[in-house]
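# What the coordinates show
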Amino acid sequence: MPVARPESSDSRVIAHIDMDCFYVQVEQRKQPTLRGHPTAVVQYNSWKGGALIAVGYEARKYGVKRSLRGDEAKKVCPDIHLVQVPVARGKADLSVYRNAGSEVVSILSRKGRCERASIDEVYLDLTEAVKTMLAENPPERLETISEEAIKSHVLGLHLDGAKARDCVREWFLRSDADHRDKLLAGGALIVAELRLQVLRETEFTCSAGIAHNKMLAKLASGMNKPAQQTIVPYSSVKKLLESLPIKKMKQLGGKLGTSLQADLGVNTVGDLLQFSVEKLQECYGINTGTWLWNIARGICGEEVQSRLLPKSHGSGKTFPGPRALKTVSAVQKWLYELCEELNERLLCDLEQNKRIARTFTLHASAYKVNDSESLKKFPSKSCPLRYGIAKIQEDALNLFHAVLREYVGIYHVRTKENKHHEWAITGLSVSASNIVVIPSGTHSIMKYFHNQNQSCTSINKSNDICNQDTASLSSSGLLLADPQIETYGDEARAKDDMPSLSPDGDGTEVCKDVPVVMQFADNLGPTSIETEQHGSMEESFSYSGSENDLGSKPTQSKMDFLGTGLKSEKQKRKFEKEKGNTSILRFFHGCDPCSFPENARLKTFEESGASSSGKLIQENQQPMTGPTLSTCNMGQDDFRSDAWRYKTDEIDPTVLNELPPEIQAEVRAWLQPQKRANTVKRGSSIFHYFSRTTDS
Ligand code: TTP
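Residues numbered from 1 in each chain as written. Predicted model: local features only at pLDDT ≥ 70, side-chain atom pairs only at ≥ 80, totals over all residues. Heavy atoms only, no water.

Using the following cut-off: UniProt positions are given in the numbering used here, feature names are shortened, and annotations may be inferred rather than shown by experiment.
Looking at an unreviewed UniProt entry, one finds the protein chain named DNA polymerase eta and attributed to Handroanthus impetiginosus. In its Sequence similarities (unreviewed entry) section, the UniProt entry covering the protein chain states "Belongs to the DNA polymerase type-Y family." The annotation that UniProt attaches to the protein chain under Catalytic activity (unreviewed entry) is "DNA(n) + a 2'-deoxyribonucleoside 5'-triphosphate = DNA(n+1) + diphosphate".

Pasting the structure below:
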């Protein structure tokens, strides 16, 4: 099957900016006396001096690595300063880092489309800015090239020893340069200037990669650190990839990379070139096969998304070794703490950004005593998110009970306090995803939420944590600055010596007590993390995934791969089916948080991601009032007069096209006020349709 190179693939200018040893820089800014001294940031637990989560460059010179514990680091580098991560509610509080990341993002976003990819990482699409520059003031006409730009590393450029700087200057100034190189030269000038602005305004240094696509830019940004930038001219791509170890490539650090090595003998990205696209598709499915064929050639059509805000929020904690939780009341205590943190962040997001999250997910890791195989099987569960701390806590606990029932069986759960110590929880996290901006004309919802919760303003007064990145605990329980991408193993990260939340232990990571994993995910939503790391993922996948998550290539790649290696054909078919229904499910889920009576909720998440539609329909039998038709009628008790209404013209009609014809007709009728009361009722075909989807 022929694979076309995306037309615009060489005409874009993409930068990947990565803060240098970010947490250390944040701490050094707080305590300037630490500057220039070997420093590391350590997770607060006291076991062997805690776990290192960020190591400054001065300390790295002594051989200090993130995999070491504090005591070990002291041995390697006796002068090292170990700074503790701030603690709140008995767990790490990352808000200071998130806020620092936001400062940087606000500077970087000045020049082009900006996608915040993690707490300290940003993609920029500079194409338009560079085109303007080339039209008005191209590099070859510049009298001087900034010092920062001249320090750029240009891959493939032959440097002449002492005259290296002259070579780079010449490269920038060539009037006969290939148009693609001119674009990159322009991009590099802009990035150099942005990096200087970041330094001036925040005191942070960062490194950058400048290339024609995200994949190459990301690869390049880590090549020369700290405080440097690397350019990947089109002509150097083949050579770069030829010798690049396959596991270094984004998305290939985990199982897929391992399979490529073991099954096809592929050790470098260049090795992939020997396989036809048909062969790769045969082995890994259409999408992953095509994607592999493309990356072997340096092709990546993934767009830089315009996203400065997080895709999800989360809070979590690990309980390694003897600290494992062995009673429901201990779990409850921690769940409530985690929910409180999550709730604060949800309220801030609501207040600051007018956004609400619609899916609530509980992740946990556990083991059964006397069953070594049990560690990896603790499922994640999701349900529609209800605002209000008490409701969030209640749902978290209900989810936990549901999961525990699955894990150990009903009999054992009844022995509430786990008297026989049959299970132990080694990690817990809660996350809120599926975040949307509140539709226009629905601001009364703000009032409602604020009546239910403590005010966000008070939180803001004490700590400006509102403009924060996505910090969400992945099922792995690892603190990852880099969300999905690195979670899935581009980099070999330090392994903790305590039980990890990562059920697969697939080389991902680390985190000790570190509570939060960043989920900025340029393309892998929280759901895809769940899918990768948990045994029984389909439920969460179909419930909480956004359409974008499902549709994006890397996510699809993962599913294909799992489909090939880990899942039955039946499961795969189910995924394909659900994928097709995503937007309609998402639409209905959007209504869920408000439409469910509390006693119906556990059933919802336990049994059917689509049963919400049943409730929705039931709710819509009630008479509507007000100027707009509510397709998401709140439970009367829940919302009283502050009902949150969608306007019919805010409903994307394309979601209907995903339904079978008879259901489409029914929903369309339902969307018309005059017909609704007669056409929609419990037990109707639409209700069965969604039940069927879930049951299949
Ligand atoms: P990274 O960008 O992976 O690393 P770094 O910024 O410390 O260093 P480098 O200059 O090599 O990029 O992570 C960003 C921050 O995220 C890091 O400073 C601390 C935090 N982090 C963790 O807490 N745990 C982890 O396992 C990782 C990888 C990062």
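### A closer look at helix H14 (residues 328–353)
As a reminder of what qualifies: Think of it this way: any DSSP run of H or I at least four residues long counts as a helix, any run of E at least two long counts as a strand, and we number them from the N terminus. Every helix has an expected span of 1.5 Å times one less than the residues it contains.
Over its 26 residues, H14 extends 36 Å from the first C-alpha to the last, a length consistent with the 38 Å expected when each residue adds 1.5 Å. Where H14 ends, the next residue or the one after it, Lys-354, has phi of about 55°, a positive value.

### Some thoughts on the environment of His-313
The condition is simple: A 1.4 Å probe rolled over the protein chains alone gives each residue an accessible area, and that area as a share of the maximum for its type sets the label: buried under 20%, exposed over 50%, partly exposed in between. Pairs of N or O atoms are called polar contacts if they sit within 3.5 Å, as long as, within protein, a hydrogen donor faces a hydrogen acceptor (for residues adjacent in sequence, only side-chain-to-side-chain pairs).
In this structure, His-313 sits in strand E12 (residues 313–318). When its relative accessible area of 1% is taken as the criterion, His-313 is described as buried. Residues His-313 and Asp-349 lie 36 residues apart in sequence; the distance between their C-alpha atoms is 9.4 Å. Polar contacts involving the side chain of His-313 include one to the side chain of Asp-349, which spans 2.7 Å.

### Thoughts on the nonpolar core
What counts here: By convention a nonpolar core is built from buried Ala, Val, Leu, Ile, Met, Phe, Trp, Tyr and Cys residues, the set being connected through side-chain atoms within 4.5 Å.
One finds Phe-22, Tyr-23, Tyr-97, Leu-124 and Phe-172 to be the most contacted residues of the largest nonpolar core, which totals 51 residues. Among the nonpolar cores identified, the runner-up in size contains 37 residues, and Leu-342, Ala-396, Leu-397 and Val-403 belong to it.

### Remarks on the sheet that holds strand E13 (residues 355–368)
To be explicit about the condition: Strand pairing follows a simple DSSP-based rule, namely that at least 2 bridges must link the two strands. Note on definitions: angles span 0 to 180 degrees between N-to-C directions of axes, and those axes are lines fitted to C-alpha atoms, for helices only across the stretch in contact. By definition in these notes, contact holds between two residues if any of their heavy atoms fall within 4.5 Å.
Spatial ordering of the open sheet is given by E12-E15-E13-E14, a layout of 4 strands whose pairing is antiparallel. Of all strands in the sheet, those with a lone pairing partner are E12 and strand E14 (381–384), marking the two edges. Taking the axes of each pair of neighbouring strands and ignoring which way they run, one obtains an average angle of 15° across the sheet. Summarising the sheet, E12 and strand E15 (residues 423–437) pair through 6 bridges and their orientation is antiparallel. Paired with His-313 across the strands is Ala-432, a residue of E15. Lying on the sheet, H14 is in contact with E12, E13 and E15; it crosses E15 at an angle near 15°.

### Description of the packing of aromatic side chains
The geometry of an aromatic ring pair comes down to the distance between the two centres and the angle between the two planes. Filter applied, for reference: Note on ring pairs: Phe, Tyr and Trp rings are taken, using the six-membered ring of Trp, and paired if centres are within 6.5 Å. Classes follow the plane angle, with under 30 degrees stacked, over 60 edge-to-face and the rest tilted. A ring is scored as having a charge over it whenever the NZ atom of a lysine or the CZ atom of an arginine sits within 6 Å of its centre and within 35 degrees of its normal.
Evaluation of the coordinates by the stated rule reveals 6 aromatic pairs. Arranged with centres 3.8 Å apart and planes meeting at 5°, the rings of Tyr-23 and Tyr-97 form a pair that is stacked. Taken together, the positions of Tyr-23 in helix H1 (residues 22–30) and Tyr-97 in helix H4 (residues 95–108) put the pair 74 residues apart, joining distant regions of the chain. A relative accessible area of 5% places Tyr-23 in the buried class. Judged by relative accessible area, Tyr-97 falls into the buried class, the value being 0%. Three or more aromatic residues joined by ring pairs form one cluster here, namely Phe-22, Tyr-23, Tyr-97 and Phe-204. Above the ring of Tyr-123, the side-chain terminus of Lys-214 is found at 4.7 Å from the ring centroid. Its end group placed over the ring of Trp-293, Arg-297 keeps NZ or CZ at 3.7 Å from the ring centre.

### Let's talk about the side chain of Asp-18
Tracing the chain through its elements places Asp-18 in strand E1 (residues 14–19). Apart from residues lying up to four places away in sequence, Asp-18 is in contact with Asp-120, Glu-121, Cys-206, Ser-207, Ser-221 and Lys-225.

### Describing the pairing of E12
Taken across its 6 residues, E12 has 6 buried, putting it largely inside the fold. Side chains His-313, Ser-315 and Lys-317 project from E12 onto one buried face, and the interleaved Gly-314, Gly-316 and Thr-318 project onto a second face that is buried too.

### What about helix H9 (residues 214–221)?
Of all 8 residues in H9, 8 are buried; the element is thus mostly enclosed. Listing the buried residues of H9 in full gives Lys-214, Met-215, Leu-216, Ala-217, Lys-218, Leu-219, Ala-220 and Ser-221. Backbone nitrogen of Met-215 and a side-chain oxygen of the N-cap are separated by 3.1 Å at the start of H9; the cap is Asn-213.

### Examining the packing of helix H12 (residues 277–284) against helix H13 (residues 286–296)
The relative placement of two packed helices comes down to the angle between their axes together with the axis-to-axis distance. Here is the rule: Orientation is classified from the angle alone, with under 35 degrees giving roughly parallel, over 145 giving roughly antiparallel, 65 to 115 giving roughly perpendicular, and any other angle giving oblique. Left-handed is the label given to a crossing in which the near helix is rotated counterclockwise from the far helix by less than a right angle, and right-handed is the label when the rotation is clockwise.
In the contact formed by H12 and H13, the axes pass within 7 Å of each other and the chain directions differ by 140°. Classified by the angle between their axes, H12 and H13 sit oblique to one another. Two packed elements cross with a definite hand, and for H12 against H13 that hand is right-handed. For the pair H12 and H13, contact is made by Val-277, Leu-280, Gln-281 and Tyr-284 and by Ile-286, Thr-288, Gly-289, Thr-290, Leu-292 and Trp-293, respectively.

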